[in-house]
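Residues per chain are reported as follows:
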Amino acid sequence: MTLRTPRLELVPATVAHLEAELRGGGGLSALLAARVPGSWPPGEYDRDAMAFFHARLREGGPEAVGWYGWYALTRDGGPATLVGSGGFFGPPEGGAVEIGYSVVPEARGQGFATEIVKALVRHAFATGAVREVRARTEPANPASSRVLLKGGFERDGRDPETGADRYRLAGPEG
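Please read all numbers here as calculations on a predicted model, not as lab measurements. (Residues numbered from 1 in each chain as written. Predicted model: local features only at pLDDT ≥ 70, side-chain atom pairs only at ≥ 80, totals over all residues. Heavy atoms only, no water.)

J.: So what's going on with helix H4 (residues 112-126)? Which residues, and what values?
T.: Helical geometry: 3.6 residues make up each α-helical turn, so side chains three or four residues apart lie on a common side. Its 15 residues give H4 an end-to-end C-alpha distance of 21 Å, which sits within 8% of 21 Å, the value for a rise of 1.5 Å per residue. For H4, the tally of buried residues reaches twelve of 15 residues, placing the bulk of the element in the interior. Among all positions of H4, only Phe 112, Ala 113, Thr 114, Glu 115, Ile 116, Val 117, Ala 119, Leu 120, Val 121, His 123, Ala 124 and Phe 125 are buried. Count one or two residues on from H4 and you reach Gly 128, which has phi positive near 80 degrees. (Helix = DSSP H or I, 4+ residues; strand = E, 2+ residues; numbered from the N terminus. Expected span 1.5 Å × (residues − 1). Buried < 20%, exposed > 50% of the residue type's maximum accessible area, 1.4 Å probe, protein only.)

Structural data, given as C-alpha cells:
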C-alpha cells in the first residue's frame, strides 16, 4: 500500500525498514530504492521513535502496517530521495488517531510536510475506522502549526501536561 501525492510517494514502514534503519548503513536506502540524505533522520523522528515503531509493528503484525511510520520520497524524474516521514502513534482508539511528521532540513519550506499530512489524513479517514485526527506541536514551532492549519486542522487548546498546542480535524462524519 503506497500513497501518492503530486510530488511524493509515501511508503509505510515495515519491520524490515525499521530494522535496516536501526542498523544504519545503506539498508534503508536499498529497501526504499532511494537516496537517504546525510541529515536523516529528521526532527523528532529519532532512534527512540524508530525503536517504538519497530516494537509496535512486531507486536501488531501486518495489520499494524500503516498505523505507524511512513517514508516520504520524491520521485521527480531523477533518483528517488527520502525527504521526510510521517505517521500515526498507533491504530485508532475511540475513532481517533494522532499524527506526527517531519522533513529533512534541506527539504523544508517546500510544502512537503503539508503534502504528507494531507495524504495521511485522507488515508486515515478512508479506512472508515477514523473519525478524528489529532496533533500536537510545540508553541515554539510556528512552521508545524502552519502545516496543520493548511491541512484543515483547528487549534484545540493546550495540553496541560506538556504545554504543547493541540489540534484536531474531524472527518466527514465526525
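J.: Tell me about the nonpolar core, and please be specific about residues and values.
T.: The biggest cluster of nonpolar side chains holds 49 residues, and the ones touching the most others in it are Leu 10, Tyr 71, Ile 99, Val 133 and Phe 153. The dominant element in this core, judged by the number of residues it contributes, is H4, at nine residues. (Core = buried A, V, L, I, M, F, W, Y, C linked by side-chain atoms within 4.5 Å.)

J.: Describe in detail the pattern of salt bridges, supporting the description with residues and values.
T.: Counted under the stated rule, the structure contains ten salt bridges. Between Glu 59 and Arg 56 there is a salt bridge, with the nearest N and O atoms lying 3.0 Å from each other. A residue pair is termed a helical-turn pair when its members lie 3 or 4 positions apart in one helix, as Glu 59 and Arg 56 do in helix H3 (residues 47-60) at three residues. By relative accessible area, which is 59% here, Glu 59 ends up exposed. For the salt bridge of Glu 98 with Arg 136, the shortest nitrogen-to-oxygen distance reads 2.8 Å. Placement of the pair is Glu 98 in strand E5 (residues 96-103) and Arg 136 in strand E6 (residues 132-137), with a sequence separation of 38 residues. Of the residues examined, Arg 136 reaches a relative accessible area of 39% and is grouped as partly exposed. Salt bridges sharing common partners tie together Glu 98, Arg 136 and Asp 159. (Salt bridge = Lys/Arg side-chain N within 4 Å of Asp/Glu carboxyl O.)

J.: Explain the packing of aromatic side chains to me, and be specific about the residues and the numbers.
T.: Scanning the model with the defined rule gives seven aromatic pairs in all. Judged by centre distance (6.4 Å) and plane angle (45 degrees), the ring pair of Trp 40 and Tyr 71 falls under tilted. With Trp 40 in the loop between helix H2 (27-32) and H3 and Tyr 71 in strand E3 (residues 69-74), the pair connects residues that are 31 residues apart, well separated along the chain. As far as burial versus exposure is concerned, Trp 40 and Tyr 71 are alike and both buried. Aromatic pair Phe 53 and Tyr 68: ring centres 5.8 Å apart, planes at 55 degrees, arrangement tilted. Of this pair, Phe 53 sits in helix H3 while Tyr 68 sits in the loop between H3 and E3; the two residues are 15 residues apart in sequence, bridging distant segments of the chain. For the pair shown, Phe 53 and Tyr 68 are each scored as buried. Here the aromatic cluster, defined as three or more aromatic residues joined through ring pairs, consists of Trp 40, Tyr 45, Phe 52, Phe 53, Tyr 68 and Tyr 71. (Phe/Tyr/Trp six-rings, centres within 6.5 Å; stacked < 30°, edge-to-face > 60°.)

J.: Report on the sheet that holds E3, specifying residues and quantitative values.
T.: Neighbouring strands of a sheet are bound in pairs by backbone hydrogen bonds; such pairs are parallel or else antiparallel. The eight strands lie next to each other as E1-E2-E3-E4-E5-E6-E8-E7, forming an open sheet whose pairing is mixed. Sheet topology places strand E1 (3-4) and strand E7 (154-158) at the edges, where each strand pairs with a single neighbour. Relative to E6, E5 is paired through three bridges, and the arrangement is parallel. Counterpart to Ala 96 in the pairing with E6 is Glu 132. (Pairing = 2+ DSSP bridges.)

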